[in-house]
Amino acid sequence: MNYAVEAEKLTKYFGNLIAVDNVSFKVRKGEIFGLVGPNGAGKSTLIRMICTVLRPSSGRAYVEGYDVIKHAQEVRKLIGVVQEKLILYAPLTPVENLEFFGKLYDLDSKVLKERIKELLEEVKLLAVKDKPVGTFSTGMRQRVNIARALLHDPKVVILDEPTNGLDPQSVRWVRDYILNLKNKGLTIILTSHDMYEIDELSDTVAIMDKGKILEIGRKEELKAKYNASKIEDVFLELTGRELRDEISGRLKRRGW
Ligand SMILES: Nc1ncnc2c1ncn2[C@@H]1O[C@H](COP(=O)(O)OP(=O)(O)OP(=O)(O)O)[C@@H](O)[C@H]1O
Ligand SMILES: [Mg+2]
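Here the structure is a predicted model, which means the values were calculated and not measured.

## Points about the pairing of strand E4 (residues 58-63)
Across five bridges, the pairing between strand E1 (residues 3-14) and E4 is antiparallel. Bridging across to E4, threonine 11 finds its partner in serine 58. Pairing of E4 with strand E5 (residues 66-67), which is carried by two bridges, proceeds in the antiparallel orientation. Directly across from tyrosine 62, in E5, lies its bridge partner aspartate 67. Counted along the chain from E4 to the antiparallel partner E5, the turn is two residues long, and its residue glutamate 64 has a positive phi close to 50°.

Okay, structure coming up:
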C-alpha cells in the first residue's frame, strides 16, 4: 500500500449546505500534500472527516488502510492533528497540557514524561516548560500545539493553517519543522492560504473550491499544465481573482 490517506467520494452536508462534495484523492506515503482553497472551500471539513472528528454524510476515507468510520480508534492512533483553533489550557504549563493530552492517548506515564521532554526540546520550549501557556506568544502556543499533535508518534500529521497569525520567525520555524517531519518519513497534509508556503513545502497540491477539488497533481506538473511559474498563478487561474465576500450561514467565532 503506497498511500497514507485515501478518500473516495467524501461528502459532507451541514443541513442543505454541501461543504464537501464528492471528493476523492490519494496521499502518497512520505509526501507533503498541500490543500488550498478560498475561505469556505471545505478544507477544514474535509480534514475533520479524515481525523474522525466529523462523520461523512457519504463516501469513505482510509488512513494507512484503516476505514475512518469502522476503525476510528486505529485511525486516531495513526494521525496527529494541529487544528485551526489552538486548543490548550491557558492556566496550565506546557508539561501539564501535554500530560493531559497524553493521558487521553492512554500513554504510559513514564513513556509520556520522556516523550514530553524530548518534544519540548524539539519545539524549543524546555526553558519555559513550567510557565502557564496563557502567558505565551501565539508562536510559542502553536509550538506546544505541534508537540501535542506528535505525542503519540503518529505516522500522518495533519496541519490546518499552522502558520496563520504567526510572526516571520515562528513561521520559518514551523515550515522547517514540517520539512523535518517529512525527512523522518512522516506523511503530511497541510492547508494554508499562503501560496508561497504551499509552493515551497508541497509535493502534491490539491486546489479546492465550493466543496470540490478543482485540480490535483504534483506541484511541478500543475505548474507546467497551467504554464505558470508559481502555484499562486495556478490557484488564481482556477478559482478566479474576484473577492469572495460571501456571508456564511453560521456565526464565525474564529479569533473573535
Ligand atoms: N459545523 C458547521 N456547521 C455548519 N456549517 C459549517 C460547519 N463547519 C463548516 N461549515 C460551512 O461549511 C463550509 C466549508 O467550511 P470549512 O470550514 O470547511 O472551509 P475552509 O476551506 O476550511 O475555510 P477557511 O479557509 O475559512 O478555513 C463553509 O460554508 C462553512 O460555513
Ligand atoms: Mg479551514
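## Examining helix H5 (residues 138-150)
An α-helical turn contains 3.6 residues, so a residue and the one three or four places further along point in the same direction. For H5, with 13 residues, the first-to-last C-alpha span of 19 Å sits near the 18 Å given by 1.5 Å per residue. The buried count for H5 comes to ten of 13 residues, which makes it a mostly enclosed element. Among the residues of H5, Arg141, Gln142, Arg143, Val144, Asn145, Ile146, Ala147, Arg148, Ala149 and Leu150 are the ones counted as buried. Those residues of H5 that are buried lie in contact with strand E6 (79-82), helix H3 (94-104), helix H4 (109-122), strand E7 (156-160) and helix H6 (168-183).

## Notes on the sheet that holds E1
Across a sheet, strands are paired by hydrogen bonds formed along the backbone, either parallel or antiparallel in direction. The four strands are arranged E2-E1-E4-E5 in an open sheet whose pairing can be described as antiparallel. Of all the strands in the sheet, just strand E2 (17-28) and E5 have a single pairing partner and so form its edges. Here E1 pairs with E2 via eight bridges, running antiparallel. Across the sheet, the residue bridging to tyrosine 3 is arginine 28, located in E2. The strands that helix H1 (residues 43-50) touches are E1, E2 and E4; relative to E1, the one it contacts most, it runs at about 120°.

## Topic: H1
The buried fraction of H1 amounts to eight of the eight residues, a majority that puts the element mostly inside the structure. By the burial criterion, the buried members of H1 are Lys43, Ser44, Thr45, Leu46, Ile47, Arg48, Met49 and Ile50. Immediately beyond the C-terminal end of H1, within one or two residues, lies threonine 52, with a positive phi of roughly 70°.

## Considerations on the site of ligand 1
For ligand 1, the set of nearby residues contains 13 residues, the closest of which are Phe14, Ala19, Lys43, Ser44 and Thr45. Sorting the residues of the shell around ligand 1 by element identifies E2 and H1 as the ones contributing at least two each. With three residues, the single largest contributor to the shell around ligand 1 is H1. Class assignment of the residues belonging to the shell around ligand 1 gives a composition of four nonpolar, seven polar and two charged.

## Some remarks on the sheet that holds strand E8 (residues 187-191)
Sheet architecture is open: six strands sit in the order E6-E7-E8-E3-E9-E10, paired in mixed fashion. At either margin of the open sheet sits one strand with a lone partner, and together these are E6 and strand E10 (212-218). Strand-to-strand twist across the sheet, computed as the mean angle between neighbouring axes with direction ignored, equals 15°. Across the sheet, H1 touches strand E3 (32-36), E7, E8 and strand E9 (204-209), and the angle it forms with E7 is around 150°. With respect to the sheet, H5 is in contact with E6 and E7, its orientation differing from that of E6 by roughly 165°.

## Comments concerning the environment of leucine 35
By secondary structure assignment, the location of leucine 35 is in strand E3. According to the C-beta neighbour criterion, leucine 35 is buried, with 27 such atoms within 10 Å. For the pair formed by leucine 35 and phenylalanine 25, sequence separation is ten residues and the distance between their alpha carbons is 11 Å.

How each quantity is defined
- Residues numbered from 1 in each chain as written.
- Chains lettered and ligands numbered in written order.
- Predicted model: local features only at pLDDT ≥ 70, side-chain atom pairs only at ≥ 80, totals over all residues.
- Pairing = 2+ DSSP bridges.
- Helix = DSSP H or I, 4+ residues; strand = E, 2+ residues; numbered from the N terminus.
- Expected span 1.5 Å × (residues − 1).
- Buried ≥ 20, exposed ≤ 12 C-beta atoms within 10 Å, placed from the backbone.
- Contact = placed C-beta atoms within 7 Å.
- Axes fitted to C-alpha atoms, helices over the stretch in contact; angles between N-to-C directions.
- Near = placed C-beta within 6 Å.
- Nonpolar A, V, L, I, M, F, W, Y, C, P; charged D, E, K, R; others polar.

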